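Coordinates in review
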Amino acid sequence: MVHPPDVRLGETTMVDWTGLPLRVASCLPRKDGLALLDWQGMSGCEGRQRLQEEYVEWRVVRDPDGGVRRVEFTTELADFWRVLAAHAPAEALRVAATFAGEPSLPAAALFGSTDPFAAGVSPEDREAAFAAAMLDEPGPYNSGDRSLCCMVHPSNTLQALVTLLSAAAFSFVTGEPAGCAPAWQTIPLLSGAAQDGRGSDPVLVERLGRLAFEGRLIGIDDPVGMFIVGVEHSRLHRPDGRPVPPEWFSFGRGMAAGGAADGRARYRRLVLEVPPGEGLRVSDLVDTATEQPIAFGCQVADLVQLAVVLKVSAPGALKEHPRQCEPIPRPADGLSCAGVLDAWADFRAAGAAR
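What you are looking at is a predicted structure, and each value in this text was computed from that prediction instead of being measured.

1. Here's the deal with the overall build of the protein
Counting secondary structure elements, the protein contains 12 helices and 14 strands. Its C-alpha radius of gyration of 21 Å places the protein within 12% of the 20 Å reference for a compact globule of 354 residues. Considered along the principal axes of its C-alpha atoms, the protein spans approximately 60 × 55 × 45 Å. Among the 354 residues that make up the protein, the fraction classed as buried is 49%. Split by element, the accessible area of the protein, about 16600 Å² in all, is 54% carbon and sulfur. Put simply, the protein has 33 plus and 45 minus side-chain charges, and the middle of one group is 2 Å from the middle of the other.

2. Observations regarding the packing of aromatic side chains
Two aromatic rings, taken as a pair, are described by how far apart their centres are and by the angle between their planes. For the structure on display, the rule yields eight aromatic pairs. Relative to Phe-73, the ring of Trp-58 has its centre 6.0 Å away and its plane inclined at 55°; by these criteria the two rings are tilted. One end of the pair, Trp-58, is in strand E2 (residues 57-62); the other, Phe-73, is in strand E3 (residues 68-74), with 15 residues separating them in the sequence. Relative accessible area serves as the criterion here: at 1%, Phe-73 is assigned to the buried category. Site record: aromatic cluster; members linked through ring pairs are Phe-80, Trp-81, Phe-99 and Phe-130. Directly above the aromatic system of Phe-99 lies the positively charged group of Arg-269, at a separation of 3.5 Å from the ring centroid.

3. Some points on the pairing of E3
Each regular strand displays side chains that alternate between the two surfaces of the sheet. Counting buried positions along E3 gives five out of seven residues, so the element sits mostly inside the fold. Counting the residues between successive antiparallel strands, the hairpin from E2 to E3 contains five residues, one of them, Gly-66, with a positive phi of roughly 95°.

4. Notes on the nonpolar core
If you look at the biggest cluster of nonpolar residues, it comprises 61 residues, and the most contacted ones within it are Leu-36 and Phe-73. With residues up to four places along the chain from it excluded, the contact list for Leu-36 reads Val-24, Leu-28, Gly-47, Leu-51, Val-340, Ala-343, Trp-344 and Phe-347. The next biggest cluster of nonpolar side chains, apart from the first, holds 25 residues, and it includes Leu-84, Ala-92, Met-134 and Cys-149.

5. Some remarks on helix H5 (residues 89-100)
Between the first and last C-alpha of H5 there are 17 Å, a value that for 12 residues agrees with the 16 Å anticipated at 1.5 Å per step. Buried within H5 are the following residues: Pro-89, Ala-92, Leu-93, Val-95, Ala-96, Ala-97, Phe-99 and Ala-100.

6. Quick look at the state of the cysteines
Counted by the stated rule, this structure contains one disulfide. The partner cysteine of Cys-27 in its disulfide is Cys-337, sulfur to sulfur 2.0 Å. One quick way to see it: the torsion about the S-S bond of Cys-27 and Cys-337 is about -85°, and its sign makes the bridge left-handed. Within this pair, whereas Cys-27 is found in helix H1 (residues 22-27), its partner Cys-337 is found in the loop between strand E14 (323-324) and helix H12 (338-353), the two being separated by 310 residues in sequence. One exposure class covers both Cys-27 and Cys-337, and it is buried. Cysteine Cys-45 remains unbridged, with the sulfur of Cys-150 as its closest cysteine sulfur at 11 Å. When its relative accessible area of 2% is taken as the criterion, Cys-45 is described as buried. This cysteine, Cys-150, is not joined by any disulfide, and Cys-149 carries the nearest cysteine sulfur, 4.4 Å off.

Calculation notes
Residues numbered from 1 in each chain as written. Predicted model: local features only at pLDDT ≥ 70, side-chain atom pairs only at ≥ 80, totals over all residues. Heavy atoms only, no water. Helix = DSSP H or I, 4+ residues; strand = E, 2+ residues; numbered from the N terminus. Rg over C-alpha atoms; globule rule 2.2 N^0.38 Å. Buried < 20%, exposed > 50% of the residue type's maximum accessible area, 1.4 Å probe, protein only. Areas by Shrake-Rupley, 256 points an atom, 1.4 Å probe, with all protein chains shown as cover. Lys, Arg positive; Asp, Glu negative; His and termini not counted. Charge placed at Lys NZ, Arg CZ, Asp CG, Glu CD. Phe/Tyr/Trp six-rings, centres within 6.5 Å; stacked < 30°, edge-to-face > 60°. Lys NZ or Arg CZ within 6 Å of the ring centre and 35° of its normal. Pairing = 2+ DSSP bridges. Core = buried A, V, L, I, M, F, W, Y, C linked by side-chain atoms within 4.5 Å. Contact = heavy atoms within 4.5 Å. Expected span 1.5 Å × (residues − 1). Disulfide = S-S within 2.5 Å.

Take a look at the structure:
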């Protein structure tokens, strides 16, 4: 059943952060963290599946000498692609082919041994076949080998997003005078729905808590999803010192600012590639903030601005009292590095095995 939008949710607001997984960059020396995030491994996207946790994932296309030629980003939800594959398999194949730059794809590329067009194959059969071929053990059209189709990290799902937003949309009042508790104090109370040390979760928790503290109704804007809303292109310079033009970044699968009712651009895909004829590659570009050439996709992720788009009411629409909590001591270090260090050990072992 489709419900009409709540007319009280008359204001659009974005909560934004950048795409570099801060937890990984903080738990390891920077050069090690950057290499780990781009780790291909046996699965073809080991670093992506385990550590690209900021609601954006990427692949890096390299030349035979290892130079970076192209970096692609996606915020496409696997939840959307499950439904598309189940109910519109031809469209799923068509769109996935455009991601790979190929004229068409065989059904096996997305559905494995299942023929999605065969008589008697149900939507549930097609969804299960898609999940097995593209999500559980991603094939070349979602591993980054030939393309990215949608996100695969377990934190980058619709369920994880809704769980986080729902948990965060409560006010925790603390201190004297009463105020809205900071994220570091609220996150331990959310039963694992959010994780400290990320770029996204603390920002979302603090912003949602503030909106709830103001007594606002909160909803997710339509279409639901995570979006790329901008990129700090001016931070990238060519070897001669000239800034990279914004046209070198190509946005897709979304809408420009002029097409959005709120005047804010939002996209699900982004590609950085130097145009032919420039005589350069992405790895020739330099990040002026770090003074380092681009060697990894996560360096570009640090320039990418992500957002979730919310619809909110005016303050005071909700009259319930905010939830109360006792002040807790600030932890010496709320950062959880266990998963990062485990991945680093596996990365080192895989390198030694080669």
